[in-house]
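# Residue-level structural notes
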Amino acid sequence: MRDPKKPNKGRNGNSGSSGSAPGVSSDGTSGAYNAGMAVFSYIIGGIIVWSLIGWGLDYVWGTRWIVLAGALLGAVGGFYLSHMHGLTSSRNNAGERRASSGPSQDGDTNAK
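These remarks concern the structure in this document. (Residues numbered from 1 in each chain as written. Predicted model: local features only at pLDDT ≥ 70, side-chain atom pairs only at ≥ 80, totals over all residues. Heavy atoms only, no water.)

Scanning the protein chain from terminus to terminus reveals two helices and zero strands. Looking at the protein chain as a whole, 17% of its 112 residues qualify as buried. Within the protein chain, counting contacts between residues at least 6 apart in sequence, those at least 24 apart form 39% of the total. Accessible area for the protein chain stands at about 9200 Å²; split by element, carbon and sulfur atoms hold 60% of it. (Helix = DSSP H or I, 4+ residues; strand = E, 2+ residues; numbered from the N terminus. Buried < 20%, exposed > 50% of the residue type's maximum accessible area, 1.4 Å probe, protein only. Contact = heavy atoms within 4.5 Å. Areas by Shrake-Rupley, 256 points an atom, 1.4 Å probe, with all protein chains shown as cover.)

This is how it looks when you write it as structure tokens:
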């Protein structure tokens, strides 16, 4: 039985996600499923909300295309939010070396 005075522990013994993005663990070993569900929720939630807004505007103005524009806006907005929260960025795996994307340290541009 769980002791109510102790903090909740995750599946791998850590205390859950404490990073800036919801559903992403701080050590990078788990949380991919939660991050994926957060991205899915942002996109589906955006589609539903903006489709309903478009449906209401279609009803008021007597048009039939604003609901589709609302669905597209919701999908794009949901992806944008998930990207801004860091849920769609690729992460470094342990031991994997990646080339830096910034300018070289010596200022040389390697142009010939």
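Another aspect to go through is helix H2 (residues 66–84). The end-to-end C-alpha distance of H2, which contains 19 residues, comes to 26 Å, matching closely the 27 Å that a straight helix rising 1.5 Å per residue would cover. On its buried face, H2 sits against helix H1 (32–61). One or two steps after H2, the chain reaches Gly 86, where phi turns positive at roughly 80°. (Expected span 1.5 Å × (residues − 1).)

Using the criterion set out here, one finds one aromatic pair in the structure. Taken together, a centroid distance of 6.4 Å and an interplanar angle of 25° make the contact between Trp 55 and Tyr 59 stacked. Linking Trp 55 with Tyr 59, this pair stays in helix H1, spanning four residues, or about one helical turn. Neither Trp 55 nor Tyr 59 differs from the other in exposure class; each is exposed. (Phe/Tyr/Trp six-rings, centres within 6.5 Å; stacked < 30°, edge-to-face > 60°.)

Further remarks concern a nonpolar patch on the surface. Where nonpolar side chains cluster on the molecular surface, the patch consists of Val 49, Trp 50, Ile 53, Leu 57, Tyr 59, Val 60, Trp 61 and Leu 73 and spans about 870 Å² of accessible area. Sort the elements by how many residues they give to the nonpolar patch and H1 lands first, with seven residues. By secondary structure assignment, the location of Val 49 is in helix H1. (Patch = residues over 30% accessible without salt bridge, like charges linked within 9 Å, V, L, I, M, F, W, Y side chains within 5 Å. Salt bridge = Lys/Arg side-chain N within 4 Å of Asp/Glu carboxyl O.)

Structurally, Gly 86 is set in the segment after H2. Judged by its relative accessible area of 28%, Gly 86 falls in the partly exposed class. Sequence separation between Gly 86 and Val 39 is 47 residues, and the spatial gap between their C-alpha atoms is 9.9 Å.

This part covers the side chain of Asp 58. Mapping Asp 58 onto the fold places it in helix H1. Buried and unpaired, Asp 58 has no salt bridge, with Arg 64 as the nearest side chain of opposite charge at 7.8 Å. Polar side-chain contacts of Asp 58 include one of 2.9 Å to the backbone nitrogen of Val 67. Each residue touching Asp 58, except ones within four places of it in the same chain, is listed here: Thr 63, Arg 64, Trp 65, Ile 66 and Val 67. (Lys, Arg positive; Asp, Glu negative; His and termini not counted. Polar contact = N/O pair within 3.5 Å; in protein donor to acceptor, adjacent residues only side chain to side chain.)

What follows concerns the environment of Ala 75. Tracing the backbone through its elements, the reader meets Ala 75 in helix H2. In this structure Ala 75 touches Ile 43 and Ile 47, once residues within four positions along its chain are discounted.

Turning to the side chain of Ser 51, a few remarks are in order. You can see Ser 51 is positioned in helix H1. Exposure remark for Ser 51: the relative accessible area of 17% places this residue in the buried category. Setting aside chain neighbours within four positions, we find Ser 51 in contact with Gly 46, Val 67, Gly 70 and Ala 71.

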